[in-house]
Amino acid sequence: MSQVIVVTSGKGGVGKTTTSAAISTGLAIYGYKTVVIDFDVGLRNLDLVMGCERRVVYDIVNVISGEANLKQALIKDKKHENLFILPASQTRDKDALTDEGIENIINQLKQDFDFIICDSPAGIEKGAMCAMFHADQAVVVTNPEISSVRDSDRILGILSSKTKRAIDNNKPIKEHLLVTRYSPARATTGDMLNVSDICEILSIPLLGVIPESQSILKASNLGVPVTNDYQSDAGLAYNDAIKRLLGKKVPMKFIKDNTKKGILDLIFKRSKSRA
């Protein structure tokens, strides 16, 4: 049975599009036919991260308005035969997204795809509400800072009250927490929230922790999802998160501070213990 997964957050710039690209690519690598939809009408970026910006002819608004059919708008990934992208419009307004139009697209995609990944814009405006309305699962992306976590808590409230599953009194959306741009060393010193604090505040299962990494910026600039980079910490972390999304048990990495202490740190620690 096809699964609709929304990648969402309350705050912008936390890594939703990077996550959408990584998860959809990873699912395709594992053999699942996957489509990823960009709901950020007017500010599309998914096509850049996926490396298909020059191949966009039609977009989601063209399909909704009847200017193109769904097959014309879908872009097949060049590296993974199971992966397709439905881009957003860069020139239209978010009001061009209609509930009926989105429902028709989702129903058509369910006939052909195992996973439908919805890349949501930040916040609670029209595009975000459309992205999460038909979700079966939600990946809530947050940075380890209090404003991001608070906004994610607001999103959880909307997922539980204003989605199709909630309105129809069906089984609740399965929620997952993904913490991005995490530095165990900075969390240890109190410069950012630690993972356990975030999990306690949001109270949803932890899907993964993505460490701060230059490889994410590099991957975005090259138009190659970081899931393809098995040599980087971020690539490994995303691949582990995808395995957990598929129900596999994988140990959680990148949550402990494994940095080696310098000689001055050790001396200072000993002097404190003798005091």
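Novice: Is there a simple way to explain the pattern of salt bridges in this structure?
Specialist: Should their charged atoms come close, side chains of opposite charge can pair. Counting across every chain of the model gives eight salt bridges. With a shortest N-O distance of 2.9 Å, Arg165 and Asp136 are connected by a salt bridge. In this pair, Arg165 sits in helix H8 (residues 164-167) while Asp136 sits in the loop between helix H6 (126-133) and strand S6 (137-142), placing the two residues 29 residues apart along the sequence. For Arg165, a relative accessible area of 22% translates into the label partly exposed. On the accessibility criterion, Asp136 (12% relative accessible area) is buried. Residues Asp240 and Lys253 are paired through a salt bridge, measuring 2.6 Å at the closest nitrogen-oxygen approach.

Novice: I tried to follow the packing of helix H7 (residues 146-159) against helix H10 (residues 195-202) on my own but got confused; where do I start?
Specialist: Relative placement of two packed helices is described by the angle separating their axes and the distance separating the axes. Relative orientation of the contacting elements H7 and H10 amounts to 30°, with a least axis distance of 10 Å. Put simply, H7 runs roughly parallel to H10. For the element pair H7 and H10, the recorded crossing hand is right-handed. Contact with H7, carried on its side by Ile146, Val149, Ser152, Asp153 and Leu156, involves Ile198, Ile201 and Leu202 of H10 and no other residues of that element.

Novice: How should I be thinking about the nonpolar core in this particular structure?
Specialist: Side chains of a nonpolar character, in soluble globular proteins, are inclined to be buried together. Formed by 45 residues in total, the largest nonpolar core has its most connected members in Phe39, Ile60, Leu109, Ile116 and Leu159. Among the elements that line this core, the one with the most residues is H7, at five residues. Each residue touching Ile116, except ones within four places of it in the same chain, is listed here: Ser2, Gln3, Val4, Ile5, Val35, Ile37, Ile106, Leu109 and Lys110.

Thresholds, definitions, all that
Residues numbered from 1 in each chain as written. Predicted model: local features only at pLDDT ≥ 70, side-chain atom pairs only at ≥ 80, totals over all residues. Heavy atoms only, no water. Salt bridge = Lys/Arg side-chain N within 4 Å of Asp/Glu carboxyl O. Helix = DSSP H or I, 4+ residues; strand = E, 2+ residues; numbered from the N terminus. Buried < 20%, exposed > 50% of the residue type's maximum accessible area, 1.4 Å probe, protein only. Axes fitted to C-alpha atoms, helices over the stretch in contact; angles between N-to-C directions. Parallel < 35°, antiparallel > 145°, perpendicular 65-115°, else oblique. Left-handed = near helix turned anticlockwise from the far one by under 90°. Contact = heavy atoms within 4.5 Å. Core = buried A, V, L, I, M, F, W, Y, C linked by side-chain atoms within 4.5 Å.

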